[in-house]
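Here is how the chains run, residue by residue.
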Amino acid sequence: MKLPRPRVSGSVLRRWLVPGIGLKRWLLVVFAGELLLAIAGALLLRQVYRDYDFSGPGKSILYILTLQFLNYWTRGIVVAVTGTGLFLYGSWRAVRVLMGPFLAGESYQPLVEAIYQKRFLSRGPKIVVIGGGTGLSTLLRGIKEHTSNITAVVTVADDGGSSGRLREELGIPAVGDIRNCIAALADSEPLMAELLQYRFPEDADGDASLGGHTIGNLLIAAMAAVQGDDFEEGVRQMNRVLAVRGQVVPATAMAVTLHARLLGGDEVVGQSEIGRSLKIDKVWLTPEDVVAGDDAIRAIDEADLVVIGPGSLYTSIMPSLLLPDLLAAVKASQAIKLFICNVATQKGESQGYDLADHFAALERHTGSGWIDVVLANNRFDARRPGGYAAEPVKLRWPPVLARADANLPRLALKEVVNSENAHHHDPAKLAAAVMKVYERESYGRRRSRVFRPV
């Protein structure tokens, strides 16, 4: 069976010339070499034309091949056009040959994309994103188009569904949010991402089996076991096997339990129960001696930008920041600290919350004065899907309880909501807004260091 020829689109060819690929400089060197060779050939032909008689007896073929029947300027134009055509056709065919193996199927990544990621995206800022749930994976899908220096520090406090069962049976931290983030950052084939998210159907009789488990959760659990029950190393190897752009790391390698105290004084235990609770006053983790993962601390120390959220306020964002050494590392980091507020409230834990309420809850648990910028959505006409029980987060700012001398963060308002689903951020819009904040804040810091007032 004859396979179809791979097609090289114009956009792929243009990508080869994008700044950062590192190809144009060498094309210029090649062109200079070819130009010198052409000049050498022209000098040689010039001497041959002077010393050789093309019109002599038996030399009619040479007379025709060298275009002696045309005047000098016409000959030059014909040769130049022919040479240009051959150069362009040869270059096009060479690119097709080089890229053919990478375009043999729709799931294969073009060679230029791989080079673009390694050369251009590797120069991007070092960004650490702390959180979990759908919000974190949404941001990662957008931000990976701007930099490959990404570290997702993911909460492991989930106690429901497949993650909860594996946690109870194997004693490992929750893996569900880690799986979602790996799928969001993976550069492997799209089919592999679908495989990671595949969930076995529940058994009708309720027997404990594969029913309800996702392939990704089982793979992470198995990888940790293969690595000698080293959970952090198991996640590292999953990053490597699935060609993750950046890295996904657990906030801690220990199994933790999330607790909450409600305003009425009642206590709730477990992430899934807390998520359904109203009027939460305080959340905390057990055991009390839990420590953050080494990979997470190292990434924070080296970061240019630390992003908090988006995600469920108490059950996705707070658990990682409740780790004392991780929070201390964030506060001590020289990176820009950005808090991304959710675009919508959540029935239960953040029901009725506005922007100021989200920020006040964050400060109540982590202290004040360490967030540099708060990013919030300012578009409120996005489509609300059926059964939409939430409401857009209102832009009340600053917090009512803020002191007059409080060091409040700067507020950045951008359209970052998914226009088709008012409950979620749009990955591309959110990533663009984050990069805009980073560029503005880092430029301001560079100016303040250079133009320090006397």
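Check the entry above for the structure.
Here the structure is a predicted model, which is why all the values come from computation and not from measurement.

Colleague: So what exactly am I meant to see when it comes to the overall build of the protein here?
Modeller: Helix and strand counts for the protein stand at 17 helices and 12 strands. Among the 454 residues that make up the protein, the fraction classed as buried is 44%. Considering only intrachain contacts with a sequence separation of at least 6, the fraction spanning at least 24 residues in the protein is 69%. Roughly 24,400 Å² of accessible area belongs to the protein as shown, and the carbon and sulfur atoms make up 58% of that amount.

Colleague: Teacher, can you tell me more about the pairing of strand E4 (residues 257-262) here?
Modeller: Each regular strand shows side chains that alternate between the opposite faces of the sheet. In this sheet, strand E6 (residues 280-286) lies alongside E4 in antiparallel orientation, the contact comprising 6 bridges. The partner of Thr257 across the bridge, within E6, is Thr286.

Colleague: Explanation requested: the environment of Glu267 in the structure shown.
Modeller: Relative to the helices and strands, Glu267 resides in strand E5 (residues 267-269). Each C-alpha atom of the pair Glu267 and Asp281 lies 9.9 Å from the other, and the pair is 14 residues apart in sequence. Not counting the four nearest positions on each side in its chain, Glu267 is found in contact with Ala260, Arg261 and Trp284.

Colleague: For this particular structure, what's the right way to read the packing of helix H6 (residues 133-143) against helix H8 (residues 176-185)?
Modeller: Two packed helices can be described by the angle between their axes and the distance between those axes. Running from amino to carboxyl end, H6 crosses H8 at an angle of 15°, the nearest separation of the two axes being 8 Å. When the interaxial angle is binned, H6 and H8 end up roughly parallel. Handedness of the crossing formed by H6 with H8: right-handed. Across from Gly133, Leu136, Ser137, Leu140 and Arg141 in H6, the residues of H8 making contact are Asp177, Asn180, Cys181, Ala184 and Leu185. A class-by-class count of the residues in the contact of H6 with H8 yields 5 nonpolar, 3 polar and 2 charged.

Colleague: I'm lost on the side chain of Thr214 in this one. Help?
Modeller: Tracing the sequence through the fold places Thr214 in the loop between helix H9 (190-197) and helix H10 (215-226). Engagement of the side chain of Thr214 in a polar contact is seen with the side chain of Arg179, the distance being 3.1 Å. Sequence-distant contacts of Thr214, that is, excluding residues within four places in its chain, are made with Ser162, Arg179, Leu196, Gln197, Tyr198 and Arg199.

Colleague: Is there a simple way to explain the packing of helix H13 (residues 294-302) against helix H15 (residues 324-332) in this structure?
Modeller: Interhelical geometry of H13 versus H15 gives an angle of 10° and a closest axis separation of 9 Å. The angle between H13 and H15 places the two elements in the roughly parallel class. Contacts between H13 and H15 pair Ala296, Ile297, Ile300 and Asp301 from the former with Asp325, Leu326, Ala329 and Val330 from the latter.

Colleague: For this particular structure, what's the right way to read the side chain of Thr366?
Modeller: When you line up the elements, Thr366 lands in helix H16 (residues 355-366). Judged by relative accessible area, which is 5%, Thr366 ranks as buried. A distance of 2.7 Å separates a polar atom in the side chain of Thr366 from the backbone oxygen of Leu362. When residues no more than four places from it in sequence are discounted, the contact partners of Thr366 are Leu321, Leu327 and Lys331.

Colleague: Teacher, can you tell me more about the sheet that holds E4 here?
Modeller: Consider a sheet: its strands pair through backbone hydrogen bonds, and that pairing is either parallel or antiparallel. Judged by pairing direction, the sheet is antiparallel, and its 3 strands sit side by side in the order E5-E4-E6 without closing on themselves. Only two strands of the sheet have a single neighbouring strand rather than two, namely E5 and E6. For this sheet, the mean inter-axis angle between neighbouring strands, taken without regard to orientation, is 20°. Strand contacts of helix H14 (residues 313-321): E4 and E6, with the helix running at about 45° to E6, the strand carrying the most contacts.

Colleague: Teacher, can you tell me more about the environment of Phe359 here?
Modeller: Inspection of the secondary structure puts Phe359 in helix H16. Assessed through its relative accessible area of 0%, Phe359 is described here as buried. Taking the C-alpha atoms as reference points, Phe359 and Ile340, 19 residues apart in sequence, are found 9.6 Å from one another.

Colleague: Hey, could you run me through the pattern of salt bridges in this one?
Modeller: A side chain of one charge can pair with a side chain of the opposite charge when the charged atoms of the two come close. Across all of its chains, the model carries 15 salt bridges by this definition. Where Arg245 meets Glu145, a salt bridge forms, and the shortest distance between an N and an O atom there is 4.0 Å. Here the residue Arg245 occupies a position in the loop between helix H11 (231-241) and strand E3 (247-250), and Glu145 occupies one in the loop between H6 and strand E2 (150-154), the gap between them amounting to 100 residues. On the basis of relative accessible area, Arg245 is assigned to the buried category, the value being 8%. When the shortest N-O distance is used, the salt bridge between Asp281 and Arg261 registers 3.1 Å. Remark: Arg261 occurs in strand E4 and Asp281 occurs in strand E6; sequence separation between them is 20 residues. The partly exposed category is assigned to Asp281, whose relative accessible area is 23%.

Colleague: I tried to follow a nonpolar patch on the surface on my own but got confused; where do I start?
Modeller: Together, Leu28, Phe31, Leu35, Leu36, Ile39 and Leu43 line one region of the surface with nonpolar side chains, adding up to about 630 Å² of accessible area. Given a relative accessible area of 43%, Ile39 falls into the partly exposed group.

Colleague: Quick question: what am I supposed to make of empty space enclosed by the protein here?
Modeller: In this approach a probe as big as a water molecule rolls over the atoms, and the regions it shows empty are the leftover space. Under the definition given, this model contains 3 cavities of 30 Å³ or more. In this structure, the largest cavity occupies an estimated 50 Å³ of space. If you trace the largest cavity, you find it lined by Val343, Asn377, Arg379, Phe380, Ala382, Arg384, Tyr388, Pro392, Val417 and Ala422. A per-class count over the lining of the largest cavity returns 7 nonpolar, 1 polar and 2 charged.

Colleague: I'm lost on H15 in this one. Help?
Modeller: At 3.6 residues per turn, the α-helix brings residues three or four places apart onto the same side. Residues of H15 that are buried: Leu326, Leu327, Ala329 and Val330. Relative to the axis of H15, the buried residues are bounded by an arc of 160° and lie together on one face. For H15, exposure combined with an orientation more than 90 degrees from the buried face picks out Pro324 and Ala332.

Colleague: Looking at this model, I keep getting lost on the packing of aromatic side chains. Mind explaining?
Modeller: Aromatic ring pairs are described here by two measures, namely the spacing of the ring centres and the angle between the planes. Across all of its chains, the model carries 3 aromatic pairs by this definition. Centroid distance Tyr314 to Tyr353: 6.3 Å. Interplanar angle 80°. Geometry classified as edge-to-face. With Tyr314 in helix H14 and Tyr353 in the loop between strand E8 (336-340) and H16, this residue pair connects regions lying 39 residues apart in the sequence. Residue classification places Tyr314 among the buried residues on the basis of a relative accessible area of 0%. Judged by its relative accessible area of 15%, Tyr353 is buried. Ring geometry for Phe359 and Trp397: centres 5.2 Å apart, planes at 65°, overall edge-to-face. A residue pair is termed long-range when its members are at least 10 positions apart, and Phe359 in helix H16 and Trp397 in the loop between strand E9 (373-377) and strand E10 (410-414) qualify at 38 residues. For Trp397, a relative accessible area of 22% translates into the label partly exposed.

Thresholds applied
- Residues numbered from 1 in each chain as written.
- Predicted model: local features only at pLDDT ≥ 70, side-chain atom pairs only at ≥ 80, totals over all residues.
- Heavy atoms only, no water.
- Helix = DSSP H or I, 4+ residues; strand = E, 2+ residues; numbered from the N terminus.
- Buried < 20%, exposed > 50% of the residue type's maximum accessible area, 1.4 Å probe, protein only.
- Contact = heavy atoms within 4.5 Å.
- Areas by Shrake-Rupley, 256 points an atom, 1.4 Å probe, with all protein chains shown as cover.
- Pairing = 2+ DSSP bridges.
- Axes fitted to C-alpha atoms, helices over the stretch in contact; angles between N-to-C directions.
- Parallel < 35°, antiparallel > 145°, perpendicular 65-115°, else oblique.
- Left-handed = near helix turned anticlockwise from the far one by under 90°.
- Nonpolar A, V, L, I, M, F, W, Y, C, P; charged D, E, K, R; others polar.
- Polar contact = N/O pair within 3.5 Å; in protein donor to acceptor, adjacent residues only side chain to side chain.
- Salt bridge = Lys/Arg side-chain N within 4 Å of Asp/Glu carboxyl O.
- Patch = residues over 30% accessible without salt bridge, like charges linked within 9 Å, V, L, I, M, F, W, Y side chains within 5 Å.
- 1 Å grid on protein atoms, 1.4 Å probe; cavity = no way out; pocket = protein on both sides within 12 Å on 5 of 7 lines; lining within 4 Å.
- Points joined across faces, edges and corners; volume = space filled by probe spheres on them.
- Arc of directions from axis to C-beta.
- Phe/Tyr/Trp six-rings, centres within 6.5 Å; stacked < 30°, edge-to-face > 60°.

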